[in-house]
Amino acid sequence: MPSKTLHFPSPRHLHSLYAGREENLAHAERTLGVKLVTREGWLKIEPAAGASAAAAAEPIARAVALFNFLHEARGQGMTIRTPDFHRITDGFARGEGDQMRALIDEALVITTNRRTIVPKTLGQKLYLQSMLAHPIVFGIGPAGTGKTYLAMAAAVSALLRNEVERIILTRPAVEAGETLGFLPGDLREKILPYLRPLYDALGDMLDAEDVARLTEKGIIEVAPLAYMRGRTLSRAFVVLDEAQNTTPEQMMMFLTRLGEDSRMVVTGDVTQIDLPRAKQSGLLEARHILGDIPGIDFHTFASSDVVRPPLVQKIIEAYDRYRNPITGENGAAGKP
């Protein structure tokens, strides 16, 4: 019977290749049709029970290619998380090893004036690639996955490379109704608290003087969603944040603002909907209606994609288990 043993620098290194979870190895065994045995810093790949030598050769070769790929990806600084491991394993099982390899062979770096941003996980890299390849991208997932930050980074990078002429950043203000009248101050003072996170992200990528100058010239515009009505947004990179709090009417209004040579990224967390119970979320509806349209891509992050401190990930996972104790998942993150 054919078998193959792979040796790695240390047990810790080997564990990092499958996110340190034995259930991930079990997933690889089921998906690839092999048996995996780990000891210290080595991994033995054996035929599945009952498999003939001839039938076992290809599954073992794919498993070898998978773990060599994971080893190389880790060597390039990529953190392998459970969703990453599953995506990569499933890809190798489908015979898509060459496509998987392109993910690490082709460097993907976002450069802004203040910092260079490199995706930390495979999920983030796929998300960035999607933004480069599609006019409209939806990034759906919990806080801490980088969905809004990476969209902002892509927008700033596109502006600096003269791929677009302006950046437009928008959010639905004050829950869903955008009822600002009761708040004190002028309009700018009313809406600033709801747009502050977008300004904070800009400040991480551009000097404060540049943000002020570009905002004054209208090259960067940060505004509540209601201000998008009636406009056609051409040669622009448009980011809609907190999209779970849009109504279906607002979402359709926003998406139909797309003009020539423009890109749109819509981000939201479907577990954090602040709409009144009687109102449908425009983000949820869009996912069901638009999932099969060419040029529109839905990228879904899971709680295990969180790149904030581990405690944040544990908090999100605990809420997921509480909301759906049967599966431990919130059930709202899958692509239609």
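My aim in this report is to walk through the structure given alongside it, one point at a time. Fair warning: this is a prediction, and the values are worked out from it, not measured in the lab. (Residues numbered from 1 in each chain as written. Predicted model: local features only at pLDDT ≥ 70, side-chain atom pairs only at ≥ 80, totals over all residues. Heavy atoms only, no water.)

Considering the overall build of the protein chain
Then, in step 1: Looking only at helices and strands, the protein chain has 13 helices and 11 strands in total.
Then, in step 2: Here the protein chain, with 336 residues, has 50% of them falling under the buried criterion.
Then, in step 3: Put simply, the protein chain shows about 16,300 Å² of open surface, and 52% of that area lies on carbon and sulfur atoms. (Helix = DSSP H or I, 4+ residues; strand = E, 2+ residues; numbered from the N terminus. Buried < 20%, exposed > 50% of the residue type's maximum accessible area, 1.4 Å probe, protein only. Areas by Shrake-Rupley, 256 points an atom, 1.4 Å probe, with all protein chains shown as cover.)

Section: the nonpolar core
Then, in step 1: Judged by nonpolar contacts, the single largest core of 32 residues is most densely connected at Tyr 127, Met 131, Leu 169, Leu 202, Ile 220 and Phe 237.
Then, in step 2: When residues of this core are traced back to their parent elements, those giving at least two are α6 (122-133), α7 (147-160), β7 (166-171), α9 (187-205), α10 (208-216), β8 (220-224) and β9 (236-240).
Then, in step 3: For this core, the leading source of residues is α7, giving nine residues.
Then, in step 4: In this structure Leu 202 touches Met 152, Val 156, Leu 169, Val 211, Ile 220 and Val 222, once residues within four positions along its chain are discounted. (Core = buried A, V, L, I, M, F, W, Y, C linked by side-chain atoms within 4.5 Å. Contact = heavy atoms within 4.5 Å.)

Structural notes on the pairing of strand β6 (residues 136-140)
For a regular strand, side-chain orientation follows a simple rule: the groups alternate between the two sheet faces.
Then, in step 1: Within β6, five of the five residues are buried, which leaves the element mostly enclosed by the surrounding structure.
Then, in step 2: By the alternation rule, side chains of β6 split into Ile 136, Phe 138 and Ile 140 and Val 137 and Gly 139, which are all buried.
Then, in step 3: Where β6 meets strand β10 (residues 263-268), five bridges bridge the pair, whose relative direction is parallel. Along β10, the bridge assignment pairs Val 137 with Val 265. (Pairing = 2+ DSSP bridges.)

Here we look at the sheet that holds strand β3 (residues 42-47)
Then, in step 1: Ordered by their spatial adjacency, three strands build an open sheet running β1-β3-β2, and the pairing between neighbours is antiparallel. Two strands in the sheet have a free side with no partner beyond their single neighbour: β1 (4-7) and β2 (34-39). For this sheet the average axis-to-axis angle between neighbouring strands, irrespective of direction, equals 20°.
Then, in step 2: As defined by bridge partners, β1 adjoins β3 across four bridges and the pair is classed as antiparallel. Counted as the bridge partner of Leu 6 is Leu 43 from β3.
Then, in step 3: Where helix α3 (residues 53-75) meets the sheet, it contacts β1, β2 and β3, and its direction lies at approximately 160° from that of β3. (Axes fitted to C-alpha atoms, helices over the stretch in contact; angles between N-to-C directions.)

With respect to the layout of surface pockets
If you roll a probe as big as a water molecule over the atoms, it shows you where there is empty space left.
Then, in step 1: The volume enclosed by the largest pocket comes to roughly 590 Å³.
Then, in step 2: What lines the largest pocket is a set of 25 residues, and nearest its centre among them are Gly 144, Gly 146, Lys 147, Tyr 149 and Arg 308.
Then, in step 3: Taken together, the elements giving at least two residues each to the lining of the largest pocket come down to β5 (116-117), α7 and α9.
Then, in step 4: Examining the composition of the lining of the largest pocket, we find that four residues originate from one element, α7, more than from any other.
Then, in step 5: The residue inventory of the lining of the largest pocket, partitioned by class, reads nine nonpolar, eight polar and eight charged. (1 Å grid on protein atoms, 1.4 Å probe; cavity = no way out; pocket = protein on both sides within 12 Å on 5 of 7 lines; lining within 4 Å. Points joined across faces, edges and corners; volume = space filled by probe spheres on them. Nonpolar A, V, L, I, M, F, W, Y, C, P; charged D, E, K, R; others polar.)

Digging into the pairing of strand β11 (residues 296-300)
Then, in step 1: Among the five residues in β11, four count as buried, and that is most of the element.
Then, in step 2: Judged from the five bridges that link them, β6 and β11 form a sheet pairing that is parallel. Its bridge partner lying in β11, Gly 139 is registered against His 299.

Topic: helix α12 (residues 282-290)
Then, in step 1: Within the span of α12, buried status applies to Gly 282, Leu 283, Leu 284, Ala 286, Arg 287 and Leu 290.
Then, in step 2: On its buried face, α12 is in contact with β6, α11 (248-255), β10 and β11.
Then, in step 3: Of the residues that open α12, the one with a side-chain oxygen 3.2 Å from the backbone nitrogen of Leu 283 is Ser 281. (Polar contact = N/O pair within 3.5 Å; in protein donor to acceptor, adjacent residues only side chain to side chain.)

As for the packing of α3 against helix α4 (residues 82-93)
Then, in step 1: Here α3 crosses α4 at 145°, and the two axes come no closer than 10 Å. Considering how the two elements wind past one another, α3 and α4 form a crossing that is right-handed. In this structure, α3 contributes Arg 62, Ala 65, Leu 66, Phe 67, Phe 69 and Leu 70 to the contact, and α4 contributes Phe 85, Ile 88, Thr 89, Phe 92 and Ala 93.
Then, in step 2: A per-class count over the contact of α3 with α4 returns nine nonpolar, one polar and one charged. (Left-handed = near helix turned anticlockwise from the far one by under 90°.)

Quick notes on the environment of Val 34
Then, in step 1: Inspection of the secondary structure puts Val 34 in strand β2.
Then, in step 2: For the pair Val 34 and Ala 57, spaced 23 residues apart in the sequence, the C-alpha separation amounts to 9.9 Å.
Then, in step 3: Setting aside its immediate chain neighbours within four residues, Val 34 contacts Ala 28, Glu 29, Ile 45, Glu 46, Ala 48, Pro 59, Ile 60 and Ala 63.

Observations concerning the pattern of salt bridges
Then, in step 1: If you walk through the whole model with that rule in mind, you get 11 salt bridges.
Then, in step 2: Across the pair Arg 263 and Glu 163 runs a salt bridge, and its minimum N-O distance is 2.7 Å. Note that Arg 263 is positioned in strand β10 and Glu 163 in the loop between α7 and β7, a separation of 100 residues in sequence.
Then, in step 3: Taken together, the shared-partner salt bridges connect Arg 161, Glu 163 and Arg 263 into one network. (Salt bridge = Lys/Arg side-chain N within 4 Å of Asp/Glu carboxyl O.)

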